[in-house]
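# Analysis of the macromolecular model
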Amino acid sequence: MPVIGQSPQYSEQPLLEVRHLDVRFTTPEGEVKAVDDLEFSLVRGETLGVVGESGSGKTQVAHAMLGLLAENGRATGSVRFAGEEILNLPAKRLNRIRGAGMALVFQDPMTSLNPYLRIGPQLSEALMAHEPVSGRQAREAACSMLDAVHLAHPRACLRAYPHELSGGMRQRVMIAMALICRPRVLIADEPSTALDATVQARILELLSELKREFELAMLLITHDLGVVAGTCDRVLIMYGGRTMEEAAVDDIFYRSQHPYTRGLLGALPRLDAAGVSRMAAIPGQPPSLLEPQPGCPFEKRCDYRFEPCKHQRPPLENVSAGHRKACHHEKLP
Amino acid sequence: MFRYSVKRFLGAGPTLLILVALAFFLMRAAPGGPFDAERPVSPAVRANLERAYHLDEPLLQQFGRYVAGLVRGDFGPSFQYPDYTVTELIREGFPVSLRIGAFAMLLALLAGVTAGILAALRQNRAADAGIMAAAMTGISIPNFVIAPLLILLFAVHLDWLPGGGYGDGSLRYLMLPVVALALPQIAYIARLTRGSMVEVLRSPFIRTARAKGLPAHTVVLRHALKPALLPVVSYLGPATAALITGSVVIEQIFGIPGLGRFFVQGALNRDYTLVLGVVVFYGALIVVLNLIVDLLYAVLDPRVRYT
């Protein structure tokens, strides 16, 4: 008998399964390990939030999965999409999955659309790369996709250049472009970060709506726990390229067992905190990934640190079903 | 765009006037004159000649007369080819120069852009290093060195191509001068293309294109080529100027009856009107080409608007 309320991950084969993912960059200053032994999975219809501050490696996870790392980047480990190993596939074979099986919405809609091409061709070429459609059919599909992301004048939009659209409109175009081949997994990398606060909310609403409509599994990469609260089923907290805590969204917000997650929660601005003039912040700086530490990456900034944190890497352990954390403390007060 | 073009044309007037003035007075400042021959002519004949060509008038008056003629489209008579006007000489020499120049430009663009793209795609690998080393060599060696070397190899040693002359203007005769003229430009354009292509390939919209699952050649040709060519397009103006100066040397070396050769001979013979005519003609050509290049920019980059 299925347990009601349990995350669906136990009843189904995951759509996306990442194991032991490492991402390294060779730089003039030495090797940087941007992602360190990352592990997660995503099932149909689920939204996983990947949360971390800038430099925590969250964007590199997205790029590594689709083979989009910069020249000096290298990914090792395993990424399985619908049961098929796709990490480091040659570009030709990866192209079948890029856009069609797994699509990406990038952070900055200003620079992620080609400024030299009209919107229409940029949308339809994505479809034509994967499906045997005519140019005309692709244009029609592009038009209805723009309609699906609630752009007011889809036909006019198709003829526009990116610079003729506002930031919010451009992000809608990006989303339409990502969904035009009906992918099963959508990776949204900070989809609302570059936008105004009011537009942000609408884009997130749109993503949630489209997720239901297109039955997407979504990987939502963000630095904003506030974004996660309204959109995600599960959350993975990253720091220094490693997983700090992973749990259902309620467990993260109400039963967090990791000092870093608690720090992030404490740093959320609160409307009811009248009289407090300064925003709370975690003291210190994220660690330099150039000098890997033997212990916990968060050790230097952690209020709860004790001897083992300095020398020993805390393993990712189960707190309860579906709730894991990497912290030497058995239980936080 | 039309208003912009008109404005630019009007703005070209003063530019050309300064050019004419500089060329006119520099030419006159050079020692000697058009009628200093090895065998001196009698003073009476000389005075007659000078009167006929208005060389007895004050310099400023001559300048005014020349500019007034230019405005009417009259480049004046040649001093050395007594039966020809400068206009006729330009009409005779320019098609030859244009043929060589146009072929050289075409070759420079095709070869330069292709080599630049290939180098960018093989960035920091052997092919890239090879192409860029060749380009650096091409830029460093002046064409008056390349031309004799080409003649030595292809005309003297291999005997494949004629070592000079224009003949019937067929490709056989054009080959060596065109290559000699184009080589430095190929090198320069290859370096420009490589640099901008490398930069464009790193831009976020290229990552987007790859994330869509587009094949690599589509990403390069449809998404990256246009922005990568912008610096090349803006170099077309200077490239034309370089080809014109280059042609002066190349036509001399290969003995091609083009405008460049008229120019050199005119300068040596103090054929004032011929030299001035060529300078003004080429000056106007460069001004017009630069305008076309700027307009081309607006065609390539939809964000550029001229008003």
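Residues numbered from 1 in each chain as written. Chains lettered and ligands numbered in written order. Predicted model: local features only at pLDDT ≥ 70, side-chain atom pairs only at ≥ 80, totals over all residues. Heavy atoms only, no water.

### A short note on the overall build of chain B
- When its secondary structure is counted, chain B shows 11 helices and zero strands.
- Its helices and strands in sequence order give chain B the pattern α-α-α-α-α-α-α-α-α-α-α, from N to C terminus.
- Expressed as a percentage of its 307 residues, the buried residues of chain B come to 45%.
- The contacts in chain B between residues at least 6 apart in sequence include a share of 74% that link residues at least 24 apart. (Helix = DSSP H or I, 4+ residues; strand = E, 2+ residues; numbered from the N terminus. Buried < 20%, exposed > 50% of the residue type's maximum accessible area, 1.4 Å probe, protein only. Contact = heavy atoms within 4.5 Å.)

### A closer look at the nonpolar core
- Membership of the largest hydrophobic core comes to 101 residues, with the highest contact counts inside it found for Leu21, Phe40 and Ile187 of chain A.
- Beyond its immediate chain neighbours, meaning those up to four positions away, phenylalanine 40 of chain A contacts Leu16, Glu17, Val18, Leu48, Val61, Met65, Leu219 and Leu236 of chain A.
- Formed by 48 residues, the second largest nonpolar core is a distinct cluster that contains Val113, Met197, Leu214 and Leu243 of chain B. (Core = buried A, V, L, I, M, F, W, Y, C linked by side-chain atoms within 4.5 Å.)

### Some thoughts on the packing of aromatic side chains
- Across all of its chains, the model carries 13 aromatic pairs over all chains by this definition.
- With centroids separated by 5.1 Å and ring planes inclined at 80°, the aromatic side chains of phenylalanine 24 of chain B and phenylalanine 25 of chain B adopt a geometry described as edge-to-face.
- For phenylalanine 24 of chain B, a relative accessible area of 2% translates into the label buried.
- Judged by relative accessible area, which is 31%, phenylalanine 25 of chain B ranks as partly exposed.
- Within the aromatic cluster, the residues linked to one another by ring pairs are Phe24, Phe25, Phe63 and Tyr66 of chain B.
- Arginine 303 of chain B extends its terminal NZ or CZ atom over the ring of tyrosine 116 of chain A, reaching a point 5.2 Å from the ring centre. (Phe/Tyr/Trp six-rings, centres within 6.5 Å; stacked < 30°, edge-to-face > 60°. Lys NZ or Arg CZ within 6 Å of the ring centre and 35° of its normal.)

### Here we look at the interface of chain B and chain A
- In this assembly, 19 residues from chain B lie in contact with 26 residues from chain A.
- Approximately 2,200 Å² of surface area, both sides summed, lies buried where chain B meets chain A, with 57% of it carried by carbon and sulfur atoms.
- Connecting chain B to chain A are two salt bridges.
- Notably, a salt bridge pairs glutamate 125 of chain A with lysine 212 of chain B, separated by 2.7 Å at the nearest N-O pair.
- Scanning the region where chain B abuts chain A turns up 14 residue pairs in polar contact (both at pLDDT 80 or more).
- Put simply, the parts of the chain that give the side of chain B that touches chain A at least two residues each are α8 (204-211) and α9 (216-254) of chain B.
- When residues of the side of chain B that touches chain A are assigned to their parent elements, the largest contribution, six residues, is made by α8 of chain B.
- Here the residues of the side of chain B that touches chain A sort into nine nonpolar, three polar and seven charged. (Buried area = accessible area lost by both parts, 1.4 Å probe. Salt bridge = Lys/Arg side-chain N within 4 Å of Asp/Glu carboxyl O. Polar contact = N/O pair within 3.5 Å; in protein donor to acceptor, adjacent residues only side chain to side chain. Nonpolar A, V, L, I, M, F, W, Y, C, P; charged D, E, K, R; others polar.)

### Points about α9 of chain B
- For α9 of chain B, built from 39 residues, the straight-helix expectation of 57 Å at 1.5 Å per residue is missed by more than 12%, its first-to-last C-alpha distance being only 44 Å.
- Within two residues after α9 of chain B, glycine 255 of chain B carries a phi angle of roughly 60°, on the positive side. (Expected span 1.5 Å × (residues − 1).)

### What about the environment of alanine 127 of chain B?
- Tracing the backbone through its elements, the reader meets alanine 127 of chain B in helix α5 (residues 126-140).
- Sequence separation between alanine 127 of chain B and alanine 115 of chain B is 12 residues, and the spatial gap between their C-alpha atoms is 9.7 Å.

### Focus: the packing of α9 of chain B against helix α10 (residues 259-268) of chain B
Residue and element names in this part refer to chain B.
- Two elements in contact, α9 and α10, have axes separated by 7 Å at closest approach and are oriented at 90°. As the angle between them shows, α9 and α10 are arranged roughly perpendicular. Counting all contacts with α9, which are made through Val248, Glu251 and Gln252, the residues of α10 involved are Leu259, Gly260, Arg261, Phe263 and Val264.
- Its residues assigned to classes, the contact of α9 with α10 comprises four nonpolar, two polar and two charged. (Axes fitted to C-alpha atoms, helices over the stretch in contact; angles between N-to-C directions. Parallel < 35°, antiparallel > 145°, perpendicular 65-115°, else oblique.)

### Section: the packing of α9 of chain B against helix α11 (residues 272-300) of chain B
Residues and elements named next belong to chain B.
- Two elements in contact, α9 and α11, have axes separated by 10 Å at closest approach and are oriented at 175°. Viewed along their axes, α9 and α11 adopt a mutual orientation that is roughly antiparallel. Of the residues in α11, those in contact with Lys226, Leu230, Pro231, Val233, Ser234, Leu236, Gly237, Thr240, Ala241, Ile244 and Ser247 of α9 are Tyr282, Leu285, Ile286, Leu289, Asn290, Val293, Leu296, Tyr297 and Leu300.
- A per-class count over the contact of α9 with α11 returns 14 nonpolar, five polar and one charged.

### Focus: the sheet that holds strand β5 (residues 84-85) of chain A
Residue and element names in this part refer to chain A.
- Pairing in this open sheet of four strands is antiparallel, and the strands run β2-β1-β4-β5 from one edge to the other. Taken across any chain shown, the strands that pair with only one partner, and hence form the sheet edges, are β2 (30-42) and β5.
- Relative to β2, strand β1 (residues 16-27) runs antiparallel, the two being bridged by nine bridges. When the sheet's bridge partners are listed, glutamate 17 is paired in β2 with serine 41. (Pairing = 2+ DSSP bridges.)

### Brief notes about the layout of surface pockets
- Considered as a void within the structure, the largest pocket measures approximately 1,100 Å³ in volume.
- Gly67, Leu69, Glu71 and Arg98 of chain A together with Arg210 of chain B are, among the 38 residues lining the largest pocket, the residues nearest its centre.
- Along the lines of polarity and charge, the residues of the lining of the largest pocket split into 20 nonpolar, nine polar and nine charged.
- Of the voids in this model, the second largest pocket is the one considered here, and its volume is about 520 Å³.
- Classifying every residue of the lining of the second largest pocket by side-chain character gives 12 nonpolar, nine polar and five charged. (1 Å grid on protein atoms, 1.4 Å probe; cavity = no way out; pocket = protein on both sides within 12 Å on 5 of 7 lines; lining within 4 Å. Points joined across faces, edges and corners; volume = space filled by probe spheres on them.)

### Brief notes about the sheet that holds strand β6 (residues 102-105) of chain A
Residue and element names in this part refer to chain A.
- An order of β6-β7-β8-β3-β9-β10-β12-β11 is seen for the eight strands of this open sheet, with the pairing classed as mixed. The sheet is open, and its two edges are formed by β6 and β11 (316-320), each paired on a single side. Ignoring which end each strand starts from, the neighbouring axes of this sheet average 20° apart.

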